[in-house]
Amino acid sequence: MTNESKGISLDPYSNYYDLMAPAEKSGFRKKQMRLITLQEGDRVLDVGCGTGAMSILAKHAVGDGGEVQGVDIAPKMVQKSRKKAVVYDLSIGFSVASIDELPFSDEHFDVIISNMMFHHLPVPIKQGGLKECHRVMKEGGNFYLSDFCTPRLFTAPLMALMFLWRKSTRFQLLGKLPGLMEASGYRQITLLKKGAFLKYYRLSK
Ligand SMILES: C[S@@+](CC[C@H](N)C(=O)[O-])C[C@H]1O[C@@H](n2cnc3c(N)ncnc32)[C@H](O)[C@@H]1O
């Protein structure tokens, strides 16, 4: 399978991504992190890590005794993440991998984070990815998934313009992602927050 059939790679935008999306020092990221419960020493996986903003913040939270791994299908995004980890002097593992084929053993992680990446995935990869995250997460672990989902009234026109034309995003705008979550073996699915554009879910194993 090529990377294209696995999802939309952001390699062509790797040099601009941090200008387009809020980076790790932004207030937006800090607010996002407040919804995620992390303990010192936790093992954390950031799927679709992009340029590593969430991985970096997670590493600060789990400390030297914790482990953070970031994966992305875009090699240039992974390269950017690795460079940032060096700049911040943080030990974080970054690998090129797809969410539906994670290079980790069963029940390895306490927490998984996926921020703004599910809309990049074709529907079968969304399903495979949810199951694969369930496999690598410990019993009692939590998967924090935030993404574009059913819009609020005032954001609906913009979201429709941006996303309705592509099947992978239309699926989420039409409210079908929770159904896939439910079919993927999680014990409990909690909607933590409805933002203007993003919905924040916690999937507990
Ligand atoms: C909008 S970016 C979000 C990046 C990051 N999570 C953040 O919060 O800034 C989505 C990322 O998902 C990656 N991606 C797309 N399909 C993927 C897949 N099948 N497996 C892993 N990563 C994927 C893209 O290359 C891109 O870097």
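In this report, we go over the structure that sits alongside the text. (Residues numbered from 1 in each chain as written. Predicted model: local features only at pLDDT ≥ 70, side-chain atom pairs only at ≥ 80, totals over all residues.)

1. Concerning the overall build of the protein
And step 1. A count of helices and strands for the protein gives nine helices and seven strands.
And step 2. Against the globule reference of 17 Å for 205 residues, the protein gives a C-alpha radius of gyration of 16 Å, in line with a compact fold.
And step 3. The principal-axis extent of the C-alpha atoms belonging to the protein is close to 45 × 40 × 35 Å.
And step 4. Expressed as a percentage of the 205 residues in the protein, the buried residues total 43%.
And step 5. Put simply, of all contacts in the protein between residues at least 6 apart along the chain, 70% involve residues at least 24 apart. (Helix = DSSP H or I, 4+ residues; strand = E, 2+ residues; numbered from the N terminus. Rg over C-alpha atoms; globule rule 2.2 N^0.38 Å. Buried ≥ 20, exposed ≤ 12 C-beta atoms within 10 Å, placed from the backbone. Contact = placed C-beta atoms within 7 Å.)

2. What about the pairing of strand β3 (residues 93-96)?
And step 1. Of the pairings in the sheet, the one linking strand β2 (residues 67-72) to β3 comprises four bridges and is parallel in character. When the sheet's bridge partners are listed, Val71 is paired in β3 with Ser95. (Pairing = 2+ DSSP bridges.)

3. A look at the nonpolar core
And step 1. Ranked by size, the top nonpolar core spans 46 residues in total, and within it Val44, Ile112 and Ile113 carry the most contacts.
And step 2. At the level of elements, β1 (43-47), α4 (53-62), β2, α5 (75-87), β4 (109-115), α6 (123-136), β5 (137-148) and β7 (198-204) are the ones that each hand at least two residues to this core.
And step 3. Ignoring any residue separated from it by four or fewer positions in sequence, one finds Val44 in contact with Leu38, Ala58, Val62, Gly66, Val68, Phe109, Asp110, Val111 and Ile113. (Core = buried A, V, L, I, M, F, W, Y, C linked by C-beta atoms within 7 Å.)

4. Looking at the environment of Leu164
And step 1. For Leu164, the location among the structural elements is in the loop between α7 (156-163) and α8 (167-173).
And step 2. For Leu164, a count of 13 C-beta atoms within 10 Å puts it in the partly exposed group.
And step 3. Between the C-alpha atoms of Leu164 and Tyr201, which are 37 residues apart in sequence, the distance is 22 Å.
And step 4. Apart from the residues lying within four places of it in its own chain, the contact partners of Leu164 are Arg170 and Leu173.

5. Comments concerning α4
And step 1. Across the 10 residues that make up α4, a large majority, seven, are buried.
And step 2. Among the residues of α4, Ala53, Met54, Ser55, Ile56, Leu57, Ala58 and Lys59 are the ones counted as buried.
And step 3. Contact partners of the buried residues in α4: α3 (27-34), β1, β2, α5 and β4.
And step 4. Just downstream of α4, Gly63 is the residue with a positive phi angle, here 75°.

6. So, the site of the ligand
And step 1. Lining the immediate surroundings of the ligand are 25 residues, of which Gly7, Gly48, Gly50, Ala74 and Asn115 lie closest.
And step 2. Of all the elements in the fold, those that place two or more residues in the shell around the ligand are α4 and β2.
And step 3. In the shell around the ligand, the residues fall into 16 nonpolar, seven polar and two charged. (Near = placed C-beta within 6 Å. Nonpolar A, V, L, I, M, F, W, Y, C, P; charged D, E, K, R; others polar.)

7. Let's talk about unusual backbone geometry
And step 1. Although it is not a glycine, Glu107 sits at a positive phi angle of roughly 55°.
And step 2. By secondary structure assignment, the location of Glu107 is in the loop between β3 and β4.
And step 3. The class for Glu107 is partly exposed, based on 15 C-beta atoms found within 10 Å.
And step 4. With phi around 55°, Met116 is a residue other than glycine that occupies positive phi space.
And step 5. Tracing the backbone shows Met116 in the loop between β4 and α6.
And step 6. A count of 17 C-beta atoms within 10 Å places Met116 in the partly exposed class.

8. Description of the sheet that holds β5
And step 1. A sheet is described by the order of its strands in space; here seven strands give the open sequence β3-β2-β1-β4-β5-β7-β6, paired in mixed fashion. Taken across any chain shown, the strands that pair with only one partner, and hence form the sheet edges, are β3 and β6 (188-194). The average angle at which neighbouring strand axes cross in this sheet is 15°, direction not considered.
And step 2. Packing of α6 onto the sheet brings it into contact with β1, β4 and β5, and relative to β5 it is tilted by some 145°. (Axes fitted to C-alpha atoms, helices over the stretch in contact; angles between N-to-C directions.)

9. Observations concerning the pairing of β5
And step 1. Counting buried positions over the 12 residues of β5 gives nine, a clear majority of the element.
And step 2. Pairing between β4 and β5: six bridges, direction parallel. Considered in β5, the bridge of Ile113 is made with Tyr144.
And step 3. Between β4 and its parallel partner β5, the chain crosses via α6, and the hand of that crossover is right-handed.
And step 4. Note: β5 against β7, seven bridges, orientation antiparallel. (Right-handed = clockwise from strand over helix to strand, strands pointing away.)

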